[in-house]
Amino acid sequence: MKKFLSAFCCSVICFFCVAGCVQKDVAVKVRVNEVTHSIFYAPFYAAVENGYFKDEGLEIELTNGGGADKSMSALLSNSADVGLMGPEAAIYVYLNGKTDYPKIFAQLTKRDGSFLISRKNDAQPFDFNLMQNKEVIAGRRGGVPAMTLEYALKEKGLVNGTNLTLNFDVQFALTAAAFDGGTGDYCTLFEPTASEFEKAGKGYVVASVGEFSGEVPYTAFMALDGYIKKNGETVKKFVKALKRGVDFTMTPADEELVAALKKQFPSISDESVITSIKRYRKIDAWVSKLTLNEQAFERLKNIMRSAGELNGDAPYSKMTFNDYANEIDK
């Protein structure tokens, strides 16, 4: 009997030890829906591929929304936990009066990441007067790519409907195909699509929209307020891992970053990936601190007002949750 009881006790102890170990190793899944898949988001991908999220006990399930409207729909329908998109999408939801609206908890990029594509290999620096009376595929009306482009072109004296035509009818994900098919004289594309497009001889990168449009919180991570309150520890770990990705992106040589990004872009040549990285480094596209910049946020709202897309106000204090970003940025 004593031998039996000893064996039984040992079995029970081993069971709970194994169960405890298994439980400890189970990662928390975070479903992230990104507005598009672009090297513009390199710090996030570096955090994924370098195992920084895994180190925090998180498993990232990544899906591509193909536009901020679709990414926001995924967030609101609870088919995604976190959205990576322009803050304007959260502002629209807030102004519609939704109680459990998205809050921005980490900024990723600080200027427009698209590049102006021309059918001609125009001389540099690019003369924006060449765009007079031309058609530009601008993206979805009300989306930050279209609004930022329109705002920046206005400052160059190019006004939609006056001496320029902005085409808002082409879906974000179909811009390259539409331009390749003959629509428009210019379009805007993100990397690495812009480099691959140029490499194939389908168009030429003539300017960086982000370089001439100025600083704006272009893309950020957000989640519903209810999710943040319920999963505070998960969000904190997410921000911590992301910051390591940001720091990594700021420090290594281009070749080291290429190695970290190849799994995310397996069909893209190393040459195009390096070109993309160099272009984003040149325009200082990525943040060094994750806390959403309040001054830039106010500028974004001015851009939205200029486009006729902002009726009312969305206070910075209401739209952001900075607790973890502030703590990690110190």
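Everything discussed here concerns the structure shown above.
Rules used in this analysis
- Residues numbered from 1 in each chain as written.
- Predicted model: local features only at pLDDT ≥ 70, side-chain atom pairs only at ≥ 80, totals over all residues.
- Heavy atoms only, no water.
- Helix = DSSP H or I, 4+ residues; strand = E, 2+ residues; numbered from the N terminus.
- Buried < 20%, exposed > 50% of the residue type's maximum accessible area, 1.4 Å probe, protein only.
- Contact = heavy atoms within 4.5 Å.
- Areas by Shrake-Rupley, 256 points an atom, 1.4 Å probe, with all protein chains shown as cover.
- Lys, Arg positive; Asp, Glu negative; His and termini not counted.
- Charge placed at Lys NZ, Arg CZ, Asp CG, Glu CD.
- Salt bridge = Lys/Arg side-chain N within 4 Å of Asp/Glu carboxyl O.
- Axes fitted to C-alpha atoms, helices over the stretch in contact; angles between N-to-C directions.
- Parallel < 35°, antiparallel > 145°, perpendicular 65-115°, else oblique.
- Nonpolar A, V, L, I, M, F, W, Y, C, P; charged D, E, K, R; others polar.
- Pairing = 2+ DSSP bridges.
- Expected span 1.5 Å × (residues − 1).
- Arc of directions from axis to C-beta.
- Polar contact = N/O pair within 3.5 Å; in protein donor to acceptor, adjacent residues only side chain to side chain.

Focus on the overall build of the protein
Next, step 1: When its secondary structure is counted, the protein shows 16 helices and ten strands.
Next, step 2: Across its three principal directions, the C-alpha atoms of the protein cover 95 × 45 × 35 Å.
Next, step 3: A total of 330 residues make up the protein; the buried ones form 53% of that total.
Next, step 4: Long-range contacts, defined as pairs at least 24 residues apart, comprise 81% of the intrachain contacts of the protein with a sequence gap of at least 6.
Next, step 5: Looking at the protein as shown, the accessible area adds up to about 15100 Å², and 51% of this sits on carbon and sulfur atoms.
Next, step 6: Computed over 39 positive and 41 negative side-chain charges, the separation of the two mean positions in the protein equals 5 Å.

A short note on the side chain of T36
Next, step 1: Mapping T36 onto the fold places it in the loop between β1 (28-34) and α2 (42-49).
Next, step 2: Those residues in contact with T36 that sit more than four places away from it in its chain are Y41, Y45, N64 and F172.

Quick word on the pattern of salt bridges
Next, step 1: Scanning the entire structure with this criterion turns up 20 salt bridges.
Next, step 2: As a salt-bridge pair, R279 and E191 come within 2.8 Å of each other at their nearest N and O atoms. Of this pair, R279 sits in helix α13 (residues 270-282) while E191 sits in the loop between β8 (186-190) and α8 (193-199), and the two are 88 residues apart along the sequence. Summarising the burial analysis for this pair, R279 and E191 share the class buried.

Remarks on the packing of helix α6 (residues 144-155) against helix α14 (residues 294-306)
Next, step 1: Packing of α6 against α14 leaves a shortest axis separation of 9 Å and a crossing angle of 80 degrees. Between α6 and α14, the crossing angle belongs to the class labelled roughly perpendicular. Contacts between α6 and α14 involve V144, M147, T148, Y151 and K154 from the former and R299, L300, I303, M304 and S306 from the latter.
Next, step 2: Its residues placed into classes, the contact of α6 with α14 shows six nonpolar, two polar and two charged.

Notes on the sheet that holds strand β3 (residues 82-85)
Next, step 1: Spatially, the five strands line up as an open sheet ordered β2-β1-β3-β10-β4, and their pairing is mixed. In the strand order of this sheet, the two ends are held by β2 (58-64) and β4 (102-111), each with one partner. Direction aside, neighbouring strands of the sheet carry axes that sit 25 degrees apart on average.
Next, step 2: Bridging between β1 and β3 involves three bridges; their strand directions are parallel. Looking at the pairing, N33 lines up with G83 of β3.
Next, step 3: Strands β1, β3, β4 and β10 (215-224) of the sheet are contacted by helix α4 (residues 68-76), whose axis makes an angle of about 170 degrees with β3.

Here we look at the sheet that holds strand β7 (residues 165-167)
Pairing between the strands of a sheet comes from backbone hydrogen bonds, and it takes one of two forms, parallel or antiparallel.
Next, step 1: Taken in spatial order, the five strands of this open sheet run β7-β6-β8-β5-β9, and their pairing is mixed. Each of the sheet's edge strands pairs with one partner strand only, and the pair in question is β7 and β9 (204-208). Going across the sheet, the axis of each strand differs from the next one's by a mean of 30 degrees, ignoring polarity.
Next, step 2: As defined by bridge partners, strand β6 (residues 135-137) adjoins β8 across two bridges and the pair is classed as parallel. Following the sheet pairing, I137 is matched in β8 by C187.

Some details on α13
Next, step 1: The terminal C-alpha atoms of α13, which comprises 13 residues, lie 18 Å apart, in line with the 18 Å expected from a rise of 1.5 Å per residue.
Next, step 2: All buried positions along α13 are accounted for by S272, V273, S276, I277, R279 and Y280. On an axial view of α13, the arc spanned by its buried residues comes to 165 degrees, and they lie on one face. Set apart from the buried face of α13 by more than 90 degrees, the exposed residues are E271 and K282.
Next, step 3: Where the residues of α13 are buried, they touch β5 (114-118), β8, α8, β9 and α12 (254-261).
Next, step 4: Downstream of α13 by one or two residues, D284 has phi in the positive range, about 55 degrees.

A few points about the environment of E298
Next, step 1: Mapping E298 onto the fold places it in helix α14.
Next, step 2: On a C-alpha basis, the gap between E298 and P315 in space is 8.9 Å, while along the polypeptide they are 17 residues apart.
Next, step 3: A polar contact of 3.2 Å, which involves the side chain of E298, links it to the side chain of K301.

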